[in-house]
Amino acid sequence: MITHHFRAVNYTADAKLKEFSRARIEKLSLFYHPIIEVFVFTKVENNSDRINKWAELKIAIPGDDIVVKKKCRTFEEAIHTAAQSAERILKRRKEKIRA
């Protein structure tokens, strides 16, 4: 079980978004087991662009932290794409350890 911290900056997140985030972050443990905790920061950027939802994942693992930032149309999409990038990074890290 990964410790999951969710922060909404400059807006109030609903329970549905927090649950989506928690469920998506739990899947990261399938790729790399020694994850200590994950911080999820979400933010709305004030601009006229429709792609203005930010998600930042800070993943604490032994010896290092991984930070991934994504900007998309929706928070769910931003969290999902950031988690996909984190999965690739964690897989590479795992392969390095095995080698």
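It should be emphasised that the depicted structure is a prediction, and the values quoted were computed from it without experimental measurement.

### Observations regarding a positive patch on the surface
Reasoning step 1: The grouping of Arg88, Lys91, Arg92 and Lys96 at the surface amounts to a positive patch.
Reasoning step 2: Summarising the element assignment, Arg92 is placed in helix H2 (residues 75–98).
Reasoning step 3: Overall, the relative accessible area of 56% leaves Arg92 in the exposed class.

### Points about the sheet that holds strand E1 (residues 3–9)
Reasoning step 1: Spatially, four strands are ordered E1-E2-E3-E4 in an open sheet, and the strand pairing comes out mixed. For this open sheet the edge positions go to E1 and strand E4 (64–72), each flanked by a neighbour on one side alone. Neighbour to neighbour, the strand axes of the sheet diverge by 15 degrees on average, direction disregarded.
Reasoning step 2: The pairing of E1 with strand E2 (residues 37–44) spans seven bridges and is parallel. Residue pairing for E2: Phe6 is matched across the bridge by Val40.
Reasoning step 3: Most of the contacts of helix H1 (residues 15–26) go to E1, to which it runs at about 140 degrees, and overall it touches E1, E2 and strand E3 (53–61).

What counts and how
Residues numbered from 1 in each chain as written. Predicted model: local features only at pLDDT ≥ 70, side-chain atom pairs only at ≥ 80, totals over all residues. Heavy atoms only, no water. Patch = residues over 30% accessible without salt bridge, like charges linked within 9 Å, V, L, I, M, F, W, Y side chains within 5 Å. Areas by Shrake-Rupley, 256 points an atom, 1.4 Å probe, with all protein chains shown as cover. Salt bridge = Lys/Arg side-chain N within 4 Å of Asp/Glu carboxyl O. Lys, Arg positive; Asp, Glu negative; His and termini not counted. Charge placed at Lys NZ, Arg CZ, Asp CG, Glu CD. Helix = DSSP H or I, 4+ residues; strand = E, 2+ residues; numbered from the N terminus. Buried < 20%, exposed > 50% of the residue type's maximum accessible area, 1.4 Å probe, protein only. Pairing = 2+ DSSP bridges. Axes fitted to C-alpha atoms, helices over the stretch in contact; angles between N-to-C directions. Contact = heavy atoms within 4.5 Å.

Remember that the coordinates give geometry; whether it matters functionally is a separate question.
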